[in-house]
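# Topology and contacts: notes
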Amino acid sequence: MFLTFKKWTALYLLTLLALFGIFAAILWQGSAVNASKNLSLEQGGGFVLIIDPGHGGMDGGAVSKDGTIEAQINLEIGLRMEEIAQMLGVETVMTRREDVDLHDESAGTVRQQKVSDLKNRVAKANGISGGVLVSLHQNSLPQVPSVHGAQVFYGEAEGSQALAEAVQTALNAAVNDRPKEVKAAGSSVYLLENAEVPAMLVECGFLSNQDETALLNTQAHQTRLALTILAGALSHLQ
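### Re the confidence of the model for the chain
For the chain, per-residue confidence averages 86 on the pLDDT scale, and 81% of positions sit at 70 or higher. This model gives residues 1-14 a pLDDT under 50, and the stretch forms 15 contacts once residues within four places in sequence are excluded. A low-confidence stretch, residues 26-45 stays under pLDDT 50, and its non-local contacts, those more than four residues away or across chains, total 30 contacts.

Here's what the structure looks like:
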């Protein structure tokens, strides 16, 4: 179950302290400070954080050996990120808030539904003035189950790489036991290739790794990921 408003009120100071600690780690490494030069937003520096929990509905995404479904983990992290962001006064938009996909009713086959879903996510992001897109996913590499950690991929729109670098710095400082580097998504990720706003995709962990899957199923780690991704983004955007 998600934290209620009263519980969030009780945890307000702890959340701010956690954010401060993550910000400090990011700024200590320095790359998030330099990254802010590359992103141009609307007048006054305003932005809208678009939180996109990947998959949903008929498309569950990756599935771990224990049956953990990617779409649900993505949603849990996304809703936590939304709560924390709103508590800090950041304007947010969610692409989904429940276990659904975004395909048009006219889409018949599974393939058509998936294509329609992606096109609608892109259209929603591109239709928001000052939008900054964060798409949340889980990775899987069953042939090498030891691989773990969070990694960020960036789109082609101006400012995407710098934003991704800031968030990767945060994840390396607060979540990963071994640092990872950001990667360009290129044409392999439709959402990032077609987004006209600064956009990144965060693979929060590997469902093919048993220990990381166990972590991803805990509220504590989901909240830690939400805090870290948000702190990295805000250190860049604000």
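### A closer look at the packing of helix α6 (residues 160-174) against helix α9 (residues 219-237)
Relative orientation of the contacting elements α6 and α9 amounts to 135 degrees, with a least axis distance of 8 Å. Of the possible angle classes, the one that applies to α6 and α9 is oblique. Here α6 runs over α9; the crossing is right-handed. Residues Ala 162, Leu 163, Ala 166, Val 167, Ala 170, Leu 171 and Ala 174 of α6 form the contact with α9, whose participating residues are Arg 224, Leu 225, Thr 228, Ile 229, Gly 232, Ala 233, Ser 235, His 236 and Leu 237.

### Notes on helix α5 (residues 110-126)
With 17 residues, α5 should reach 24 Å at 1.5 Å per residue; the first-to-last C-alpha distance of 24 Å fits that figure. If you check which residues of α5 are buried, you get Gln 113, Ser 116, Asp 117, Arg 121, Val 122 and Ala 125. Of the surrounding secondary structure, the elements contacted by the buried residues of α5 are β1 (48-53), β3 (131-139) and α7 (190-194).

### Focus on helix α4 (residues 70-87)
With 18 residues, α4 extends 26 Å between its outermost C-alpha atoms, agreeing within 8% with the 26 Å of an ideal straight helix rising 1.5 Å per residue. Where α4 ends, the next residue or the one after it, Gly 89, has phi of about 85 degrees, a positive value.

### Digging into the nonpolar core
Ranked by internal contacts, the top residues of the largest apolar core, which has 39 residues, are Leu 136, Leu 171, Met 200, Val 202 and Ile 229. Contributions of two or more residues to this core are made by β1, α4, β3, β4 (151-154), α6, β6 (199-206) and α9. Of all the elements, α9 adds the most residues to this core, at eight residues. When neighbours within four sequence positions are excluded, Leu 136 is seen to be in contact with Ile 51, Asp 52, Pro 53, Gly 54, Asn 74, Ile 77, Gly 78, Met 81, Val 202, Cys 204 and Ile 229.

### Things to note about the environment of Lys 124
The topology assignment puts Lys 124 in helix α5. Accessibility expressed as a relative area gives 35% for Lys 124, which makes it partly exposed. With 30 residues separating them in the primary sequence, Lys 124 and Met 94 have C-alpha atoms 9.8 Å apart. When near neighbours in sequence (up to four residues on either side) are disregarded, Lys 124 contacts Val 93, Met 94 and Thr 95.

### Remarks on the pairing of β1
Among the six residues that make up β1, six are buried, leaving the element largely enclosed by the rest of the structure. Burial along β1 is two-sided: Val 48, Ile 50 and Asp 52 facing one way and Leu 49, Ile 51 and Pro 53 facing the other are all buried. Of the pairings in the sheet, the one linking β1 to β3 comprises six bridges and is parallel in character. Counterpart to Asp 52 in the pairing with β3 is Ser 135. Judged from the three bridges that link them, β1 and strand β2 (residues 92-94) form a sheet pairing that is parallel.

### Points about the pattern of salt bridges
On inspection of all chains with the given rule, the structure shows four salt bridges. With a closest N to O distance of 2.6 Å, Arg 121 and Asp 52 form a salt bridge. Within this pair, whereas Arg 121 is found in helix α5, its partner Asp 52 is found in strand β1, the two being separated by 69 residues in sequence. The exposure classification of Arg 121 matches that of Asp 52, with both residues buried. A salt bridge links Arg 80 to Glu 76; its shortest N-O distance comes to 3.0 Å. Of this pair, Arg 80 and Glu 76 both sit in helix α4, four residues apart, which is roughly one turn of the helix. Of the two residues, Arg 80 and Glu 76, both sit in the buried class. A network of salt bridges, in which partner residues are shared, links Asp 52, Asp 117 and Arg 121.

Each value, and the rule that gives it
- Throughout this document, residue positions are counted from 1 along each chain, in the order its sequence is written.
- For a predicted model such as this one, the threshold for reporting local features is a pLDDT of at least 70, and the threshold for listing and counting side-chain atom pairs is 80 or more; totals across whole chains, interfaces and linings nevertheless cover every residue.
- Hydrogens are left out, water is left out, and the side-chain values use all remaining heavy atoms of the structure.
- pLDDT measures how confident the predictor is about each residue, on a scale from 0 to 100.
- The contact criterion used is simple: two residues touch if any of their non-hydrogen atoms lie within 4.5 Å.
- To obtain an axis, a line is fitted to C-alpha atoms, over the contacting stretch when the element is a helix, and the angle between two such axes runs from 0 to 180 degrees between their N-to-C directions.
- Elements are defined by DSSP. Helices are runs of H or I of four residues or more, strands are runs of E of two residues or more, and each kind is numbered from the N terminus.
- Orientation categories follow fixed angle ranges, with anything under 35 degrees roughly parallel, anything over 145 roughly antiparallel, 65 to 115 roughly perpendicular, and all other angles oblique.
- Here a crossing is taken to be left-handed if its near helix is turned anticlockwise relative to the far helix by less than a right angle, and right-handed if that turn runs clockwise.
- The span you would expect from a helix comes to 1.5 Å times its residue count less one.
- A simple rule labels every residue: compare its accessible area, found with a 1.4 Å probe on the protein chains alone, to the largest value its type can have, and call it buried under 20%, exposed over 50%, or partly exposed in between.
- The term nonpolar core refers to a set of buried residues drawn from Ala, Val, Leu, Ile, Met, Phe, Trp, Tyr and Cys, joined through side-chain atoms within 4.5 Å.
- What makes two strands pair is DSSP finding at least two bridges between them.
- What makes a salt bridge here is a side-chain nitrogen of Lys or Arg within 4 Å of a carboxyl oxygen of Asp or Glu, nothing more.

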